[in-house]
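Understanding the architecture of this molecule
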Number of protein chains: 2
Amino acid sequence: MVKSLHDMESTLDRLLAVSLLLNEDATQSLAKEGLSIPRAQLLWHIHHQGPSTQRALAEAMRVSPRNITGLVDGLAAAGFVTREPHPTDRRATLVSLTERGTASMAQMTRDHQGLARLLFEQLDDFEAFAAGLTHVLNQLNEALGR
Amino acid sequence: MVKSLHDMESTLDRLLAVSLLLNEDATQSLAKEGLSIPRAQLLWHIHHQGPSTQRALAEAMRVSPRNITGLVDGLAAAGFVTREPHPTDRRATLVSLTERGTASMAQMTRDHQGLARLLFEQLDDFEAFAAGLTHVLNQLNEALGR
DNA sequence: TATTGTTATACTCTATAACTATA
DNA sequence: TATAGTTATAGAGTATAACAATA
């Protein structure tokens with residue numbers, strides 16, 4: 001079977017549509033818990049890496065330190081994180097999850113599993129799809145010089 | 001081959017990574033032409049549907065009419081579109097592409113083709129990937145009630 | 001001197017509500 | 001009375017630059 005440019009373009013369109021819908025789905029689910037995508041990403045990082053300096057968060061999320069100040073302000077005001085003094089560097093603060101923050105991350109983990117099942121459980125040729133996705137990811141990473 | 005929850009979750013992670021990178025790639029390419037994703041989406045709509053009222057643009061993009069005012073303001077100031085009086089309804093304005101706007105859309109079309117080739121030209125089992133993607137898209141559309 | 005985080009400022013995208021001109 | 005678009009206002013996310021405290 002030959003692969004026409006038209007076939008490739010319409011597949012790209014479907015990939016872009018999936019991308020858009022994943023974003024909408026995440027935005028909707030997170031809004032129910034009082035979170036946004038950037039705030040949830042920040043919590044997710046702390047959940048996996050442990051209490052982190054704002055500097056580390058800025059690098060991990062590839063945004064400016066000033067941006068992190070704003071995200072942490074919002075998350076702290078809503079009770080998802082606390083700022084603690086860094087034990088050895090008095091310039092730095094450690095951002096940690098509260099109980100509520102930890103509970104939200106547990107919920108996110110369950111949502112992630114539910115979404116994976118929804119998308120893939122009834123997919124016949126999962127192997128081939130996964131392999132194709134890996135190829136696409138590699139091509140994108142190369143193109144963006146990663 | 002059995003499909004474990006772990007396999008499905010890590011494939012979802014790769015899909016989310018692709019989604020993020022596509023967004024970054026688009027943001028970067030568009031920035032070079034002085035455009036953002038929302039502004040390019042608006043131009044893309046006019047490019048395909050022809051001169052449109054702001055009302056129609058708001059519905060197509062699923063954003064508020066006020067939001068369209070801002071996007072059109074920016075695009076008009078940068079020379080991508082013009083506001084023309086509607087021929088029969090003096091309340092409405094028709095937003096049309098300028099030559100520059102048309103040229104940008106031609107470039108976007110070429111970029112789209114280039115990206116499709118980059119991602120899929122060397123992909124072995126393109127058919128299976130495309131089929132899987134269609135399944136994923138259908139599941140997402142259902143879940144979001146479309 | 002270099003680094004951490006904040007204050008000051010500004011831009012884009014988004015929304016709702018009130019208002020004007022027109023249908 | 002309803003619709004098209006704007007003014008007014010607000011909030012989130014993003015950025016750079018200047019600055020204070022500390023390393």
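The coordinates are above.
No experiment lies behind these values; they were computed from the predicted model shown. (Residues numbered from 1 in each chain as written. Chains lettered and ligands numbered in written order. Predicted model: local features only at pLDDT ≥ 70, side-chain atom pairs only at ≥ 80, totals over all residues. Heavy atoms only, no water.)

**Quick look at the interface of chain B and chain A**
- Facing the 50 residues of chain B at the interface are 50 residues of chain A.
- Roughly 5500 Å² of surface becomes buried between chain B and chain A when both sides are summed, with 73% attributable to carbon and sulfur atoms.
- Taken together, the connections running from chain B to chain A amount to 0 salt bridges.
- Counting residues per element, the ones that place at least two in the side of chain B that touches chain A are helix H1 (5-32), helix H5 (99-120) and helix H6 (126-143) of chain B.
- In terms of residue count, H1(B) provides more of the side of chain B that touches chain A than any other element does, 19 residues in total.
- Classifying every residue of the side of chain B that touches chain A gives 27 nonpolar, 11 polar and 12 charged. (Contact = heavy atoms within 4.5 Å. Buried area = accessible area lost by both parts, 1.4 Å probe. Salt bridge = Lys/Arg side-chain N within 4 Å of Asp/Glu carboxyl O. Helix = DSSP H or I, 4+ residues; strand = E, 2+ residues; numbered from the N terminus. Nonpolar A, V, L, I, M, F, W, Y, C, P; charged D, E, K, R; others polar.)

**Points about the nonpolar core**
- Grouped together as the largest cluster of nonpolar side chains are 36 residues, with contacts concentrated most on A:Leu15, A:Leu119, A:Phe120, B:Leu15, B:Leu119 and B:Phe120.
- Contributions of two or more residues to this core are made by helix H1 (5-32), helix H5 (99-120) and helix H6 (126-143) of chain A together with H1, H5 and H6 of chain B. (Core = buried A, V, L, I, M, F, W, Y, C linked by side-chain atoms within 4.5 Å. Buried < 20%, exposed > 50% of the residue type's maximum accessible area, 1.4 Å probe, protein only.)

**Topic: the protein's contact with DNA strand D**
- Around DNA strand D there are 21 residues in total, and A:Ser36, A:Asn67, B:Arg55, B:Thr69 and B:Arg91 lie nearest to it.
- For DNA strand D, the backbone makes up 70% of the atoms found within 4 Å of the protein, where backbone means sugar plus phosphate.
- A distance of 3.2 Å separates a base oxygen of DNA strand D from a polar side-chain atom of B:Arg66.
- Contact between DNA strand D and B:Thr93: a phosphate oxygen at 2.9 Å from a main-chain N or O atom of the residue.
- Within the residue set of the surface near DNA strand D, elements represented by two or more residues are helix H2 (37-49) and helix H4 (65-77) of chain A together with helix H3 (54-61) and helix H4 (65-77) of chain B.
- For the surface near DNA strand D, the leading source of residues is H4(A), giving 3 residues.
- Of the residues in the surface near DNA strand D, the class split is 4 nonpolar, 8 polar and 9 charged. (Near = heavy atom within 4 Å. Polar contact = N/O pair within 3.5 Å; in protein donor to acceptor, adjacent residues only side chain to side chain.)

**Observations regarding the relation of the copies chain B and chain A**
- Note on the copies: chain B fits chain A at an RMSD of 0.1 Å, the axial shift is 0.0 Å, and the rotation between them is 180°. Here the symmetry operator amounts to a two-fold rotation axis.
- Same-surface contact between copies: 98% of interface residues of chain B are shared with the interface of chain A. (Least-squares fit on C-alpha atoms with pLDDT ≥ 70 in both.)

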